[in-house]
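Residue strings, one per chain:
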Amino acid sequence: MPCATLALVLIVTMQDSKDDPKGSWTALSTMAVCVAAVVAVFVYRQTAERNDEDAAYRRSERLLIECKDILSQAVNRFVGVDSKQPPSNDPLLWLGVARSLRTYLRLASKIENEVHQDIVRVHEDDARAAIYNVFRLHGKTAFTGAYFSDSDTSPPASRAPVTYASIAAIFAFASWRGDASDPMDEIDIIAVFSKTSVKQY
């Protein structure tokens, strides 16, 4: 569109100046001004687009850092130093971990950069495996009705049960997300294990 406008202005100016020798200088001056204006607009638009892209990248990067920190803290609190021991049945611990995981999922959904999405996905899978392992190791022994109903961190008179919402939030995170695509599905198993591929090793 700017080029078409420039051409139109130039044609009109040249038509007006063909009977006037001095008009050619006027035409050239007009053309120079138009070219400068078009270049300025183009540079401005390119700079604005780059600035928008840089801002989006930095915003995505900040979200990635926050997600990694929140996820790491949640896993460390729930798994603890020794994963062979079940987590405390303190309702505040379960509530805090559940809230952190929900906050992580909300922030992770706002990451737009594809590279950052891949990175946070790796951290999420590691965290999911760590929490799932706790349920796998202690699900049939430690996680009983008494475990969730009586907190061993409070006096008997003030015991509070672990809330159902906290249990559900953590258990849901430990389960594979049904709406998440599995990168393993992209592997062409037939091609990998074909005779041609095997002969290369």
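Because the structure is a prediction, the values reported are computed rather than measured. (Residues numbered from 1 in each chain as written. Predicted model: local features only at pLDDT ≥ 70, side-chain atom pairs only at ≥ 80, totals over all residues. Heavy atoms only, no water.)

Run through the environment of Lys68, naming residues and quoting values.
Inspection of the secondary structure assignment puts Lys68 in helix α2 (residues 23–79). For the pair Lys68 and Glu124, spaced 56 residues apart in sequence, the C-alpha to C-alpha distance is 8.4 Å. (Helix = DSSP H or I, 4+ residues; strand = E, 2+ residues; numbered from the N terminus.)

Quick one: what's the story with the nonpolar core, residue by residue and with numbers?
Formed by 33 residues in total, the largest nonpolar core has its most connected members in Phe78, Trp94, Ile131 and Ile170. Where this core is concerned, the elements lending two or more residues are α2, α3 (91–108), α4 (114–138), α5 (145–149) and α6 (164–174). With 9 residues, α2 is the single largest residue contributor to this core. (Core = buried A, V, L, I, M, F, W, Y, C linked by side-chain atoms within 4.5 Å. Buried < 20%, exposed > 50% of the residue type's maximum accessible area, 1.4 Å probe, protein only.)

Describe α3, and please don't skip the residues or the numbers.
The first and last C-alpha atoms of α3 sit 26 Å apart over 18 residues, in line with the 26 Å expected at 1.5 Å per residue. For α3, every residue scored as buried is listed here: Pro91, Leu93, Trp94, Gly96, Val97, Ala98, Leu101, Tyr104, Leu107 and Ala108. (Expected span 1.5 Å × (residues − 1).)

Run through the pattern of salt bridges, naming residues and quoting values.
In total, this model carries 3 salt bridges according to the counting rule given. Ionic pairing is found between Arg121 and Asp125, a salt bridge with its closest N-O pair at 3.5 Å. Taken as a pair, Arg121 and Asp125 lie in helix α4 at a separation of 4 residues, close to a single helical turn. Each member of the salt-bridge network shares a partner with another, and the members are Arg121, Glu124, Asp125 and Arg128. (Salt bridge = Lys/Arg side-chain N within 4 Å of Asp/Glu carboxyl O.)

Tell me about α4, residues and numbers included.
The end-to-end C-alpha distance of α4, which contains 25 residues, comes to 36 Å, matching closely the 36 Å that a straight helix rising 1.5 Å per residue would cover. For α4, the full list of buried residues reads His116, Val120, Arg121, Glu124, Ala127, Arg128, Ile131, Val134, Phe135 and His138. Among the residues of α4, the N-terminal cap falls to Asn113, whose side-chain oxygen and the backbone nitrogen of Val115 are separated by 3.0 Å. (Polar contact = N/O pair within 3.5 Å; in protein donor to acceptor, adjacent residues only side chain to side chain.)

Describe the packing of α3 against α6, naming the residues involved and giving the relevant values.
Packing of α3 against α6 brings their axes to within 8 Å, and their N-to-C directions diverge by 50 degrees. Our classification of the angle between α3 and α6 gives oblique. For α3 against α6, the interelement crossing comes out left-handed. Contact with α3, carried on its side by Trp94, Leu95, Val97, Ala98, Leu101, Arg102, Tyr104 and Leu105, involves Ser166, Ile167, Ala169, Ile170 and Phe173 of α6 and no other residues of that element. For the contact of α3 with α6, a count of residues per class yields 11 nonpolar, 1 polar and 1 charged. (Axes fitted to C-alpha atoms, helices over the stretch in contact; angles between N-to-C directions. Parallel < 35°, antiparallel > 145°, perpendicular 65-115°, else oblique. Left-handed = near helix turned anticlockwise from the far one by under 90°. Contact = heavy atoms within 4.5 Å. Nonpolar A, V, L, I, M, F, W, Y, C, P; charged D, E, K, R; others polar.)

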